[in-house]
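# Results of the structural survey
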Amino acid sequence: MSFFTIIVAIIIAEYLISQVLEQLNSKNRNQELPKELQGIYEDEKYRKSQEYGKTNSRFSAVSSLFQLVVVLLMLFLGGFAYIDNIATQLFENKILATLAFFAILYFISEIINIPFSIYSTFVIEEKFGFNKMNVKTFVADTVKSWILTIILGGIIMSIIVWFYYQTTDLFWLYTWAFISVFTIFMTMFYSNLIVPLFNKQTPLEEGELRQAINDFATKVGFKLDNIYVIDGSKRSSKANAYFTGLGHKKRIVLYDTLINDLSINEIVAVLAHEIGHYKHKHTTLGMILSILQTGLMFYILSLFISNPELSTALGADKPTFELALVAFMILFSPISTLLSLFMNIISRKNEYQADGYAAKYGLAAELISALKKLTVNSLSNLTPHAAYVFVYYSHPILYQRIMAIYSITNGELQNTKGGAIRD
Ligand SMILES: [Zn+2]
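Presented here is an overview of the structure given in this document. (Residues numbered from 1 in each chain as written. Predicted model: local features only at pLDDT ≥ 70, side-chain atom pairs only at ≥ 80, totals over all residues. Heavy atoms only, no water.)

### Re unusual backbone geometry
Of note in the backbone geometry, K281 takes a positive phi value of approximately 60° without being a glycine. Along the polypeptide, K281 turns up in the loop between helix 10 (264–279) and helix 11 (282–304). Unlike most non-glycine residues, L379 shows phi in positive territory, near 50°. Inspection of the secondary structure puts L379 in the loop between helix 14 (364–377) and helix 15 (386–392). (Helix = DSSP H or I, 4+ residues; strand = E, 2+ residues; numbered from the N terminus.)

### Regarding the nonpolar core
I213 and L254 are the most contacted members of the largest nonpolar core, which totals 51 residues. Discounting residues that sit within four places of it in the chain, L254 has contacts with L204, I213, I227, Y228, V229, I230, N240, A241, I259, I267 and L271. With 47 residues, the next largest nonpolar core counts L68, L314, F321 and F332 among its residues. (Core = buried A, V, L, I, M, F, W, Y, C linked by side-chain atoms within 4.5 Å. Buried < 20%, exposed > 50% of the residue type's maximum accessible area, 1.4 Å probe, protein only. Contact = heavy atoms within 4.5 Å.)

### Focus on the coordination of the zinc ion
The zinc ion binds to the protein through H273 (NE2), H277 (NE2), E351 (OE) and E351 (OE), with metal-donor distances spanning 2.1 to 2.6 Å. One can describe the donor arrangement at the zinc ion as irregular, given that its 4 donor atoms subtend angles of 53 to 135° at the metal. Along the chain, the residues donating to the zinc ion fall in the pattern H-x3-H-x73-E. Residue H273 is found in helix 10, and its partner E351 is found in helix 13 (residues 321–360); the two are separated by 78 residues along the sequence. Accessibility assignment for this pair places H273 and E351 in one class, buried. (Donors = N, O, S within 2.8 Å, 3.2 Å for Na, K, Ca; no water. Tetrahedral: all angles 85-135°; square planar, octahedral: opposite > 155°, others 65-115°.)

Structure representation (structure tokens):
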């Protein structure tokens, strides 16, 4: 079987699998709710959440079919080789030609994606009351992300190509070392370098909330100097909180929307969950796993990259690094899907542990009520299909999280449900 056949087969198989999962998920939408979940949505709002799920799944069906058609056309009509011809004619220098190739590819995909992105933001999110973005923010975000991609992508790609031409055999090892250092650097400085381009972060002001958070951090022996509030409300009414950085650069970031939606005790519970991630070393573990994955990918890449058949599979007369890289990325995608399944399994396990941490400090009821509010406010699906969850979800579903928290508290909470869970 030729590489071309395998590439086309992979792309079609991935599309079909994703459509089957969407179908299964849709069928589950009208399932009856377990008693633990009844009443967390008002009836009207629950219908709205089902409608939101349906709208998004129709939208994703259209956009993924469109993408499939574009990629197949590119493959059958030799589009990748055509773009590569333009790039190699523009630049004699091999590094510049590779950069030009990926730049053209990137802008074509951006032009194709922007209408979908506009529809998703200004039609779907708008209709369901989530969108807070105006056209100006949307345009600014798009242009900023282009500039960022050109600068970062350009630097990374030039260094990878340079390593390839300098050190053919050990290319994967040098590239791996470089990407690992870059990953660690970005983890440390993400909040200082990238976030300010898109959002305003302000230290959480003194007051009742700050005091409650400090008290909890002191109680559990967590040194917390950096608590920031981010203006997520500039784009969406959905709420979130996250932990970022390493060592003394670590910080907890709360969305302003989270502060508006939750009570002080609920926010402390969410924070306890985030501290739980840190105490269980999930951030470090996640980084190590992603570095190992990168190493595996570059090693396998080094076995294939010099094979001229990768380029000819995309319609080239003369093999080039960039075409081989594109062909490789498609051939590698089943492996990367398996790796992401594995990462999701670990991530869901970590979420239970972080919930357990908050529960251990007596915040189980507050955490459950926070999770319920966050679920309702983002119109989340209460009954996704198990297969869909297994493949795509990095967090367990609400029901599973509630049941896991109940089991930690030995049912104490369940019995006092009426009083304890409502805030
Ligand atoms: Zn978490």
